[in-house]
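Secondary and tertiary structure notes
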Amino acid sequence: MNSTHAGMLAADAIRPRASRWPARLDVAQSVSGLLLALFMWGHMVFVASILVSKDAMWTITKLFEGYFVFGESYPGIVSVIVALVFGLFILHAGLALRKFPANYRQYSLFGRHMRGMRHEDTTLWYWQVLTGFALFFLASAHLWWMLTHPGMIGPYASADRVWGDHFWILYLLLLFAVELHGGIGLYRLAVKWGVFEGKDPAASRRRLRAAKWTITVFLIALGLATLAAYVKIGIEHAPQRGERYTPAWVQHEGGES
Ligand code: HEM
């Protein structure tokens, strides 16, 4: 064995084998983000049902509480759903930590890079980091409250919280943070995994960006209208705060338990 060969063998022994874990963690981050984004679309339908009517929102709430299956409300079911979403959120946030700039040097290098490039996708990534950081706190506050007060959801219960307990402030910030974050996240996911990539990648990226902004603006507008509806009901209902909503067609005592 000559010395060069021996040297190569020694180098091979020292160099760790390329790990598959970074790739696995990347896939886990993409999948958990996609599931959270899909959940948020369902969440928007559920919460925005107040724009249809109080009865519509009441019915969806009761559906989640198992009322139409068991004939009685079990808010514990809501807590189980919240716990699952919370778990997914924590997993996604934990995985995202790997991508955060870790110190001042990395931040200033990235800032210089972003200003120099003036490339929309790089700027979008920066906004995703900022909104993601805000979501650590905003989403945790909301999820913790829902986890521990699952029976306090409904047309009046929610409106009392939004207006009477000043949750509209949290929700306003949360709405912008989550819609910007989710919109950018889905766009980046599509670019990263080459979804909808036609023959001309530049053209399909332009189309993706246009679709992304359309969806984000639509969801923010719908969210603001929804929030305004809860605020309106909350103001009107303030004198009877704590009283629950029961649709006229429900002959069951307690209604919105
Ligand atoms: C299973 C978990 C969740 C449940 C049961 C839930 C439930 C609700 C309910 C009932 C409301 C209406 C207001 C109220 O009652 O206080 C609401 C509003 C809201 N939630 Fe959630 N939520 C969940 C997860 C999330 C997550 C993960 C986010 C975002 C990260 C989020 C963002 C919002 C926003 C922004 C509003 C304000 C309404 C709007 O402007 O559209 N929620 N949520």
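Before going into details, it helps to say that this report is about the structure given with it.

How each quantity is defined
- Residues numbered from 1 in each chain as written.
- Predicted model: local features only at pLDDT ≥ 70, side-chain atom pairs only at ≥ 80, totals over all residues.
- Heavy atoms only, no water.
- Near = heavy atom within 4 Å.
- Polar contact = N/O pair within 3.5 Å; in protein donor to acceptor, adjacent residues only side chain to side chain.
- Helix = DSSP H or I, 4+ residues; strand = E, 2+ residues; numbered from the N terminus.
- Nonpolar A, V, L, I, M, F, W, Y, C, P; charged D, E, K, R; others polar.
- Salt bridge = Lys/Arg side-chain N within 4 Å of Asp/Glu carboxyl O.
- Buried < 20%, exposed > 50% of the residue type's maximum accessible area, 1.4 Å probe, protein only.
- Donors = N, O, S within 2.8 Å, 3.2 Å for Na, K, Ca; no water.
- Tetrahedral: all angles 85-135°; square planar, octahedral: opposite > 155°, others 65-115°.
- Core = buried A, V, L, I, M, F, W, Y, C linked by side-chain atoms within 4.5 Å.
- Contact = heavy atoms within 4.5 Å.
- Patch = residues over 30% accessible without salt bridge, like charges linked within 9 Å, V, L, I, M, F, W, Y side chains within 5 Å.
- Areas by Shrake-Rupley, 256 points an atom, 1.4 Å probe, with all protein chains shown as cover.
- Axes fitted to C-alpha atoms, helices over the stretch in contact; angles between N-to-C directions.
- Parallel < 35°, antiparallel > 145°, perpendicular 65-115°, else oblique.
- Left-handed = near helix turned anticlockwise from the far one by under 90°.

Inspection of the region around the ligand gives 21 residues, with His43, His142, Ser158, Arg161 and Tyr171 positioned closest. At 2.6 Å, a side-chain N or O of Ser158 approaches an oxygen atom of the ligand. Separating an oxygen atom of the ligand from a side-chain N or O atom of Tyr171 is a distance of 2.5 Å. When residues of the shell around the ligand are traced back to their parent elements, those giving at least two are α2 (21–48), α5 (76–96), α7 (120–148), α8 (155–164), α9 (167–192) and α10 (201–237). For the shell around the ligand, the residue count by class is 15 nonpolar, 5 polar and 1 charged.

Glancing now at the pattern of salt bridges. Under the criterion given, the structure shown has 9 salt bridges. A salt bridge links Asp26 to Lys192, with the nearest nitrogen and oxygen atoms 2.9 Å apart. Pair noted here: Asp26 is in helix α2 and Lys192 is in helix α9, with a separation of 166 residues, a long-range link. The partner of Arg209 in a salt bridge is Glu120, with the nearest N and O atoms 3.4 Å apart. Of this pair, Arg209 sits in helix α10 while Glu120 sits in helix α7; the two residues are 89 residues apart in sequence, bridging distant segments of the chain. Exposure remark for Arg209: the relative accessible area of 17% places this residue in the buried category. Among the residues examined, Glu120 registers a relative accessible area of 33% and is labelled partly exposed.

Another aspect to go through is the coordination of the iron atom of the ligand. Metal coordination angles have textbook ideals: 109.5 degrees for a tetrahedral set of four donors and 90 or 180 degrees for an octahedral set of six. The iron atom of the ligand binds to the protein through His43 (NE2) and His142 (NE2), with metal-donor distances spanning 2.0 to 2.1 Å. For the iron atom of the ligand, the 6 donor atoms in the first shell make angles of 87 to 179 degrees at the metal, a pattern classed as octahedral. Remark: His142 occurs in helix α7 and His43 occurs in helix α2; sequence separation between them is 99 residues. Since its relative accessible area comes to 22%, His43 is described here as partly exposed.

Quick look at the nonpolar core now. Phe89, Leu135, Tyr171 and Tyr230 are the most contacted members of the largest nonpolar core, which has 34 residues in total. Those elements giving two or more residues to this core turn out to be α2, α3 (54–64), α5, α7, α8, α9 and α10. Here this core gets 6 residues from one element, more than from any other, and that element is α9. Once you skip the residues sitting within four places of it in the chain, Leu135 turns out to touch Phe89, Ser140, Leu174, Ala177, Val178 and His181. Phe100, Met114, Trp125 and Val129 belong to the second-largest nonpolar core, a separate cluster that totals 6 residues.

Here we take up a nonpolar patch on the surface. A contiguous nonpolar surface patch, about 940 Å² in accessible area, is contributed by Val27, Val31, Leu34, Leu35, Leu38, Trp41, Trp193, Val195, Phe196 and Ile215. Mapping Leu35 onto the fold places it in helix α2.

Running from N to C, α2 and α9 cross one another at 130 degrees; their axes reach a closest spacing of 10 Å. If you check the angle between α2 and α9, you find them oblique. Between α2 and α9 lies a crossing whose hand is left-handed. Contacts between α2 and α9 involve Asp26, Ser30, Leu34, Ala37, Met40, Trp41 and Met44 on the former and, on the latter, Leu175, Val178, Glu179, Leu186, Leu189 and Lys192. Its residues placed into classes, the contact of α2 with α9 shows 9 nonpolar, 1 polar and 3 charged.

Turning our eyes to something else, we now look at unusual backbone geometry. Unlike most non-glycine residues, His166 shows phi in positive territory, near 60 degrees. Take His166: it is sitting in the loop between α8 and α9. A positive phi angle is found at Phe196, which is not glycine, with a value near 60 degrees.

These figures capture arrangement, not role.
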